[in-house]
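# Structure at a glance
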Amino acid sequence: MPTILDPTDLSIEIAAEALRAGRPVAFPTETVYGLGALTLDAAGCAEVYRMKGRPAANPLIAHVLDASGARAITSAWCPRCDELASRLWPGPLTIVVARRPEVPVVAVGGRPTIAVRSPSHPVARRLLQELGGAAVSAPSANRWGRISPTIARHVAEEFIAEDDLVILDGGRSQLGLESTVIDLSGPRPTLLRPGSVTLEALREILGEVDAPEIVEQGASPGTAARHYAPRTTAALVAFGGIREALAGQKAPAAVLCFDSSHVPSPHTATAMPRDAAVYASALYDALRSVDSLGCARILIEAPPSSDGLWRAVVDRLRRATTA
Ligand code: TXA
Ligand code: MG
């Protein structure tokens, strides 16, 4: 069983010491919890892949305090990068640019680029400060393909057999969805993963930003179609279509929907928030809860929109419901 520690000065030191010794540590960020190792420590990063069961070609996100931390591990930090960092960091935005040669290939899944972000969560920042600003590569702290954790207990449940794992408890991750990932390594800025920094906000700063409907695996190997997925079979239903979808459904289903009065027995309804930010922060918790009910199926009502923050929500719902 991992150890969950309150974020005292001592536990931050313990976590930093574990990282320096090559042992991954889980820590809170404002998006989701991360499982980190020092970016420049190839063995530590390899251990993160082992613990997650993550394919070696899926690159990790490096966490830094600020743009100067980003410059230390990148080789093509550009004026556009600075513009984004000065307006949106610290926060839920990850920028992909060319990496420095000293970054071990294992930290970036063998790619010539590296994804970098500066988290705003105070516990993540204290940990980075304790490390003297060294970068920490951290994917979400879940087993590969599963739902990202938004509280410390979720992390402990994912890594139940890892007795040496220390988890810093920073309460609930406020945003609840993984960061927005934008690729600035090519000729045109490209959105690789939608998140709380919206496409609209990025276009306001950068002008044109490509937003492919389906991101090629080659462009970002972590963007598998099925991801963030519960174990129970889950399906996405059109907005307003829950009653119809349940018409032929005899075995009890778990339903995430906007109006639970559309859900007759024997089905179980979870009413979801109509505000996109509140929905985003509640989603993974709700998915974990309904996954544990033992229902035959999970049905999820699609949001009324796919603009703004709903884009990120719809993206995760699609991945959670892809067979
Ligand atoms: O909010 C977040 O970003 C969280 C917290 C812990 O910071 N981290 C996270 O990491 O979601 P992970 O590993 O679950 O997702 C990393 C994403 C993947 O979609 C991956 O393909 C993409 O970032 N990525 C990382 N490095 C990349 C690179 N060099 N080129 C293209 N995509 C990259
Ligand atoms: Mg992940």
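A short tour of the structure in this document, coming up. As the structure is a computational prediction, the values presented were derived from the model and not from experiment. (Residues numbered from 1 in each chain as written. Chains lettered and ligands numbered in written order. Predicted model: local features only at pLDDT ≥ 70, side-chain atom pairs only at ≥ 80, totals over all residues. Heavy atoms only, no water.)

### As for the nonpolar core
- Counting 45 residues, the largest nonpolar core has Trp77, Leu84, Trp89, Ile95, Ile182 and Leu184 as the members making the most contacts within it.
- Contributing elements (two or more residues each) for this core: strand S3 (34–38), helix H2 (42–52), helix H3 (67–71), helix H4 (79–88), strand S5 (93–98), strand S6 (113–117), helix H6 (152–158) and helix H7 (199–206).
- Discounting residues that sit within four places of it in the chain, Ile95 has contacts with Trp77, Cys81, Leu84, Trp89, Ile114, Ala115, Val116, Ile182 and Leu184. (Core = buried A, V, L, I, M, F, W, Y, C linked by side-chain atoms within 4.5 Å. Buried < 20%, exposed > 50% of the residue type's maximum accessible area, 1.4 Å probe, protein only. Helix = DSSP H or I, 4+ residues; strand = E, 2+ residues; numbered from the N terminus. Contact = heavy atoms within 4.5 Å.)

### Some remarks on the sheet that holds strand S14 (residues 297–301)
- Spatial ordering of the open sheet is given by S11-S14-S12-S13, a layout of four strands whose pairing is parallel. Looking at the sheet topology across the chains shown, the edges are occupied by strand S11 (234–237) and strand S13 (268–271). Recorded for the sheet is a direction-independent mean angle of 20° between the axes of neighbouring strands.
- Here strand S12 (residues 253–257) pairs with S14 via four bridges, running parallel. Residue pairing in the sheet places Ala254 in a bridge with Ile298 of S14. (Pairing = 2+ DSSP bridges. Axes fitted to C-alpha atoms, helices over the stretch in contact; angles between N-to-C directions.)

### Re the sheet that holds strand S10 (residues 190–193)
- Spatial ordering of the open sheet is given by S1-S8-S2-S3-S7-S4-S6-S5-S9-S10, a layout of ten strands whose pairing is mixed. Taken across any chain shown, the strands that pair with only one partner, and hence form the sheet edges, are strand S1 (3–5) and S10.
- Pairing of S5 with strand S9 (residues 180–183), which is carried by four bridges, proceeds in the parallel orientation. Looking at S9, one finds that Thr94 is bridged to Val181.
- Running over the sheet, H4 touches S5 and S9 and is turned about 160° from S5.
- Relative to S9, H7 is tilted by about 35°, and along the sheet it contacts S5, S9 and S10.

### Description of unusual backbone geometry
- Here Trp89 and Pro90 are connected by a cis peptide whose omega angle stands at -10°.
- By the element assignment, Pro90 lies in the loop between H4 and S5.
- With an omega of 10°, the peptide bond between Ser265 and Pro266 qualifies as cis.

### Comments concerning the environment of Glu204
- Along the chain, the position of Glu204 falls in helix H7.
- Its relative accessible area of 68% is what places Glu204 among the exposed residues.
- Sequence spacing of Glu204 and Thr321 is 117 residues, and the spatial spacing of their C-alpha atoms is 31 Å.

### Some words on the packing of helix H9 (residues 276–291) against helix H10 (residues 310–320)
- In contact at an axis separation of 9 Å, H9 and H10 are set at 20° when each is read in the N-to-C sense. Between H9 and H10, the crossing angle belongs to the class labelled roughly parallel. Every pair of crossing elements has a handedness; the one defined by H9 and H10 is left-handed. Counted together, Ala276, Tyr279, Ala280, Leu283, Tyr284 and Leu287 of H9 and Trp310, Val313, Arg316, Leu317 and Ala320 of H10 form the full contact between these two elements.
- Of the residues belonging to the contact of H9 with H10, the class tally is ten nonpolar, no polar and one charged. (Parallel < 35°, antiparallel > 145°, perpendicular 65-115°, else oblique. Left-handed = near helix turned anticlockwise from the far one by under 90°. Nonpolar A, V, L, I, M, F, W, Y, C, P; charged D, E, K, R; others polar.)

### A few points about H9
- End to end, H9 covers 22 Å across 16 residues, agreeing with the expected 22 Å (1.5 Å per residue, within 8%).
- Its axis deflected by about 40° at Leu283, H9 carries its strongest bend there.
- Looking only at H9, the buried set comprises Ala276, Tyr279, Ala280, Leu283, Tyr284, Ala286, Leu287, Arg288, Val290 and Asp291.
- Tucked inside the fold, the buried residues of H9 contact H6, S12, S13, S14 and H10.
- A side-chain oxygen of the first residue of H9 lies 3.1 Å from the backbone nitrogen of Ala277; this N-cap is Asp275. (Expected span 1.5 Å × (residues − 1). Bend = angle between axes of the 7 residues up to and from the residue. Polar contact = N/O pair within 3.5 Å; in protein donor to acceptor, adjacent residues only side chain to side chain.)

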